[in-house]
Amino acid sequence: MRLARPRTLAAQLALLVAAALFVAQAINFALLYGERRERSLNAISAPAIARIHDAAERLQQGVGERRGPFGRRVRISADSAVDAAAPREPALEARIADGLGALGANVAEVRVTGAGEWRGNPRRQPPGPDGEPEPRQLYLVSAKAGQALWINVPAIAPREDDWLLGRLLVQTAVIYGVVLLAVLWLGRRAARSLGRLTDAAAGFGASGGGRELRAEGPADVRRLTEAFNDMQRRIAAMLTEKDRMLGAIGHDLRTPLASLRLRAESVEDPEERERMIATCEEMSATLQDILTLARVHQSAEAPTTVDLSALADAVAEDFAELGADVVFEPSPRVIVSLRPVLTRRAIRNLVENAVKYGGGARLRVAAGVEAAVVEVDDDGPGIPESRLEEMFGDFARLEGSRSRATGGAGLGLAIAREIARVQDGDIVLQNRQGGGLTATLRLPAA
């Protein structure tokens, strides 16, 4: 089973450091174990090498066996005390053979086997938990001196350090506690700054403006925060300049359009006059849509707590009074904090599209845990699934011509979505089973 990847920066840093510490402690344990084994081999082989070398020299001098250390004898016999079929200790055999070779002892073969436990003299050995000396491993070493005789000596393993593993575990726990706490603190500090930066970036994208962030945290995060603040100021300045430019263009164009319409009304040919007036009105409506889209983020309207159902019902009544087939279905009261004028414009755009392209509209309002919803249904032909998102683009129209007789300028849905998003909401389109389209306006619930 694949483990879930940690999501936060602090968790990822802690996991990475924990893995590094585990590898380091594993290497440390391997080194300690190897050193411990090396000391154990030296402690076993060194006395045996000394005894065998001493016995081999005495044999060359014609002296027999003598009493060795710990009151044990070095026994010299024609046969090896270690049976050839007995379990052997290759590491000890190689170590003893190398040691004897370095001393120049005339030894042809070395055999080592385990011979059980040895407790020693209670008066000379430290007692264990049971009052008796702790048992130690006893080995029997047999070395062939010359061609006929075997020198047989005992070898005793040193006392085992039973607390080595425990000390290593305690050391690992202490290191993990100290290092991981420091890493978690540093990671959370950096992640907190990055989280504020993420929230500021998301807020800037949703509302068209943002607040300055205080540069804090590690040096890299501080530089990133300062760069974000600079970028935010530059983008805000460009957006402001864009709105100012569009406003100036709109203001400058209104006067020529009004003048052009007055001149059109003086044309004698009625058909030509009507066409010219319709063109001027179309240009004026398109200009108004462009200015509305540009000024959505600059609206000074403050959020107000209103009944979303009553707002949608008022829009439906406006269209019904104009003779449009628009019905508001009974809906519960939904209290939401929103910008009433902008929200009314968004709902009106959705209903207007439903009337133009679907012949009528049905509105209803619903309340969820996280969002309040206004749904606008129509019975039109719908929109191909591949083009649903495309309809929110600027000047996007399903019908290819640019005539207002068959549709608007293609800014209605773009304006509605911008109004929704400036209030942390959204609009989605969905084809209904059996035909027709549903436009859903979602706004954060109060």
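Here is a short report on the structure shown in this document.

Moving on, we get to a positive patch on the surface. A cluster of basic residues, Arg188, Arg189, Arg192 and Arg222, forms a positive patch on the protein surface. With respect to the helices and strands, the residue arginine 189 is situated in helix α3 (residues 164-207). Arginine 189 sits in the partly exposed class, given a relative accessible area of 33%.

Before going further, it helps to examine the packing of helix α7 (residues 340-358) against helix α8 (residues 412-421). Their axes nearest at 9 Å, the elements α7 and α8 cross at an angle of 145°. Relative to α8, α7 is oriented so that their crossing is left-handed. Side by side, α7 and α8 meet where Leu342, Thr343, Arg345, Ala346, Asn349, Leu350 and Asn353 of the first sit next to Gly412, Leu413, Ile415, Ala416 and Ile419 of the second. Broken down by class, the residue content of the contact of α7 with α8 amounts to seven nonpolar, four polar and one charged.

Once that is clear, we can look at empty space enclosed by the protein. Per the counting criterion, the structure on display carries two cavities of 30 Å³ or more. Volume-wise, the second largest cavity comes out at about 40 Å³. As for the second largest cavity, its lining consists of Ser193, Arg196, Leu197, Leu213, Arg214, Glu216 and Thr225. Per-element accounting of the lining of the second largest cavity gives the leading share, three residues, to α3. Each residue belonging to the lining of the second largest cavity can be placed in one class, and the counts come to two nonpolar, two polar and three charged.

Before going further, it helps to spend a moment on the sheet that holds strand β8 (residues 361-367). Strand order across the open sheet formed by five strands is β6-β8-β9-β11-β10, with mixed pairing between neighbours. At either end of the open sheet lies a strand with only one pairing partner, and these are β6 (326-328) and β10 (426-431). Taken over all neighbouring pairs, the strand axes of this sheet differ in orientation by 20° on average, direction set aside. Helix α6 (residues 308-321) contacts β6, β8, β9 (371-378) and β11 (437-444) of the sheet and is inclined by roughly 155° relative to β6. Of the strands in this sheet, β6, β8, β9, β10 and β11 are in contact with α7, which crosses β9 at around 20°.

Before going further, it helps to examine the packing of aromatic side chains. Scanning the entire structure with this criterion turns up zero aromatic pairs. Sitting above the plane of the phenylalanine 392 ring, arginine 417 keeps its charged end 3.6 Å from the centroid.

This part is about the pairing of strand β7 (residues 335-338). Of the two faces of β7, only one is covered, namely that formed by Val336 and Leu338; the face formed by Ile335 and Ser337 stays uncovered. The pairing of strand β5 (residues 304-307) with β7 spans four bridges and is antiparallel. Looking at β7, one finds that threonine 305 is bridged to serine 337.

A separate point is α7. Residue pairs three or four apart in sequence face the same way in an α-helix, which turns once every 3.6 residues. Compared with the 27 Å implied by 1.5 Å per residue over 19 residues, the 26 Å span of α7 between its first and last C-alpha is a close match. Among the residues of α7, those classed as buried are Leu342, Thr343, Arg345, Ala346, Ile347, Asn349, Leu350, Val351, Ala354 and Gly358.

One can find methionine 391 in the loop between β9 and α8. Note: C-alpha distance between methionine 391 and leucine 413 (22 residues apart in sequence) is 7.0 Å.

On to the sheet that holds strand β1 (residues 75-77). Pairing is antiparallel across the open sheet formed by four strands, whose spatial order is β1-β4-β3-β2. Two strands bound the open sheet, and with one partner strand each, they are β1 and β2 (107-118). Adjacent strand axes in the sheet meet at a mean angle of 25°, parallel and antiparallel pairs treated alike. In this sheet, strand β3 (residues 136-145) lies alongside β2 in antiparallel orientation, the contact comprising nine bridges. From the neighbouring strand, glutamate 117 faces β3, where its bridge partner is glutamine 137.

Here we take up the pattern of salt bridges. As a working rule, side chains carrying opposite charge can pair if their charged atoms are close by. For the coordinates displayed, the defined rule picks out 19 salt bridges. When the shortest N-O distance is used, the salt bridge between arginine 333 and aspartate 307 registers 3.3 Å. One end of the pair, arginine 333, is in the loop between β6 and β7; the other, aspartate 307, is in strand β5, with 26 residues separating them in the sequence. Here arginine 333 falls in the exposed class, since its relative accessible area comes to 66%. Where lysine 356 meets glutamate 352, a salt bridge forms, and the shortest distance between an N and an O atom there is 3.4 Å. You can see lysine 356 and its partner glutamate 352 sitting in helix α7, four residues apart, about one turn around the helix. Classification of lysine 356 as partly exposed rests on a relative accessible area of 41%.

The rules behind these values
Residues numbered from 1 in each chain as written. Predicted model: local features only at pLDDT ≥ 70, side-chain atom pairs only at ≥ 80, totals over all residues. Heavy atoms only, no water. Patch = residues over 30% accessible without salt bridge, like charges linked within 9 Å, V, L, I, M, F, W, Y side chains within 5 Å. Areas by Shrake-Rupley, 256 points an atom, 1.4 Å probe, with all protein chains shown as cover. Salt bridge = Lys/Arg side-chain N within 4 Å of Asp/Glu carboxyl O. Lys, Arg positive; Asp, Glu negative; His and termini not counted. Charge placed at Lys NZ, Arg CZ, Asp CG, Glu CD. Helix = DSSP H or I, 4+ residues; strand = E, 2+ residues; numbered from the N terminus. Buried < 20%, exposed > 50% of the residue type's maximum accessible area, 1.4 Å probe, protein only. Axes fitted to C-alpha atoms, helices over the stretch in contact; angles between N-to-C directions. Left-handed = near helix turned anticlockwise from the far one by under 90°. Contact = heavy atoms within 4.5 Å. Nonpolar A, V, L, I, M, F, W, Y, C, P; charged D, E, K, R; others polar. 1 Å grid on protein atoms, 1.4 Å probe; cavity = no way out; pocket = protein on both sides within 12 Å on 5 of 7 lines; lining within 4 Å. Points joined across faces, edges and corners; volume = space filled by probe spheres on them. Pairing = 2+ DSSP bridges. Phe/Tyr/Trp six-rings, centres within 6.5 Å; stacked < 30°, edge-to-face > 60°. Lys NZ or Arg CZ within 6 Å of the ring centre and 35° of its normal. Expected span 1.5 Å × (residues − 1).

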